[in-house]
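Architecture and fold: a report
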Amino acid sequence: GLTGRIILAFVGLSVALLLAVSATLFVVLRNLHEDEIKQGLNARAVAVQYAVSLQSYAQWDQAVQTVGGQIADDGGYVLVRGPGGKIRSVIGNPPSLTIPDATGTGTTADGYIYVEPDPPRTKSFTFVLASPNTAAKSALGDLGRAMLIIFLVLLAFGIPIAWLLSRSITRPMRKLADAARDLPRSNADEPLPLAGPTEVRDLTERFNAMAHELVSTRHEEAQML
């Protein structure tokens, strides 16, 4: 029926809108979570630089472990390469003892977000602070909660609106169908009220004109007989 088609069209439009909104929100939320991870690593990198600058070689190892302890709790790691080129793990269990070539912030091939401070600020020691890139997982969690709320809002307001819209169309159409069904047996010249959308009003107006002509023809036939 027309009501079912209108509701189905509204549901299809809602699903398409949800997909578009969810895709956009996923990208935005993922970037926000990545920025949050990078900001946390940058803050710890500054603390590591400060600890290394103030401590001797024998003391800064423990200081770095204290500063970056949260990185290991998050599943990350801290690597250090000395002036001689030897690489070792200070915190955590890295998948490989590999230090990226570029300093700054980036993403490793293993899916870790890393921050590499500038070596001149760390007494020629090269540090890499890395944390698992959980931005996509966190974004999906946030997106799931947001989409649930949006879906409930659509159910609470969208379906009643679609039903009222369909009723504004189908109600005058049903009256028109009933009048057309009774037209062969009716001699009453009572026009149907004009209601509904413009197209339905035009159809009702033409039906009223046709019914008036039919009733007039019947009266003329009756008078002639």
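So, here is what we can say about the structure in this document. (Residues numbered from 1 in each chain as written. Predicted model: local features only at pLDDT ≥ 70, side-chain atom pairs only at ≥ 80, totals over all residues. Heavy atoms only, no water.)

Aromatic ring pairs are reported here in terms of the distance separating the ring centres and the angle at which the planes meet. On inspection of all chains with the given rule, the structure shows one aromatic pair. Taken together, a centroid distance of 5.2 Å and an interplanar angle of 65° make the contact between Tyr-77 and Tyr-112 edge-to-face. Residue Tyr-77 is located in strand E1 (residues 77-81), and its partner Tyr-112 is located in strand E4 (residues 112-116); the two are separated by 35 residues in the primary sequence. Just as Tyr-77 is buried, Tyr-112 falls in that class too. (Phe/Tyr/Trp six-rings, centres within 6.5 Å; stacked < 30°, edge-to-face > 60°. Helix = DSSP H or I, 4+ residues; strand = E, 2+ residues; numbered from the N terminus. Buried < 20%, exposed > 50% of the residue type's maximum accessible area, 1.4 Å probe, protein only.)

Further remarks concern the nonpolar core. In summary, soluble globular proteins display a tendency toward joint burial of nonpolar side chains. Leu-41, Val-48, Val-64, Val-78, Val-90, Phe-127 and Leu-129 are the most contacted members of the largest nonpolar core, which totals 16 residues. Counting residues per element, the ones that place at least two in this core are helix H1 (2-54), E1, strand E2 (87-91), E4 and strand E5 (126-132). The element that contributes the greatest number of residues to this core is H1, accounting for five residues. Residues in contact with Val-64, not counting those within four places in the same chain, are Val-48, Val-52, Val-78, Val-90, Ile-91 and Phe-127. Counting residues in hydrophobic clusters, the runner-up holds seven residues, among them Ile-99, Tyr-112, Tyr-114 and Ala-130. (Core = buried A, V, L, I, M, F, W, Y, C linked by side-chain atoms within 4.5 Å. Contact = heavy atoms within 4.5 Å.)

So, on to helix H5 (residues 198-224). With 27 residues, H5 extends 39 Å between its outermost C-alpha atoms, agreeing within 8% with the 39 Å of an ideal straight helix rising 1.5 Å per residue. Among all positions in H5, only Val-200, Thr-204, Phe-207, Asn-208, Ala-211 and Val-215 are buried. Of the surrounding secondary structure, the elements contacted by the buried residues of H5 are helix H4 (135-182). (Expected span 1.5 Å × (residues − 1).)

Here strand E3 (residues 104-107) pairs with E4 via four bridges, running antiparallel. Following the sheet pairing, Thr-105 is matched in E4 by Val-115. Here E3 folds back onto E4, and the loop between the two strands holds four residues, one of which, Gly-111, carries a positive phi near 85°. (Pairing = 2+ DSSP bridges.)

Another point: the sheet that holds E3. Taken together, five strands build an open sheet; the order of strands is E2-E1-E5-E4-E3 and the sheet is antiparallel. The sheet is open, and its two borders are formed by E2 and E3, each paired with just one other strand. Direction aside, neighbouring strands of the sheet carry axes that sit 25° apart on average. (Axes fitted to C-alpha atoms, helices over the stretch in contact; angles between N-to-C directions.)

As a further point, take the pairing of E1. Side chains on a regular strand alternate between the two faces of the sheet. For E1, a buried count of four out of five residues is recorded, marking the element as mostly surrounded by other parts of the structure. Two strands pair when backbone bridges link them, and E1 and E5 are joined in this way by five bridges, in the antiparallel orientation. Opposite Arg-81, over in E5, you have Thr-126 as the bridge partner. Where E1 and E2 come together, four bridges link them in antiparallel fashion. Note that in E2 the partner of Val-80 across the bridge is Arg-88. Joining the antiparallel neighbours E1 and E2 is a turn of five residues, in which Gly-85 adopts a positive phi near 100°.

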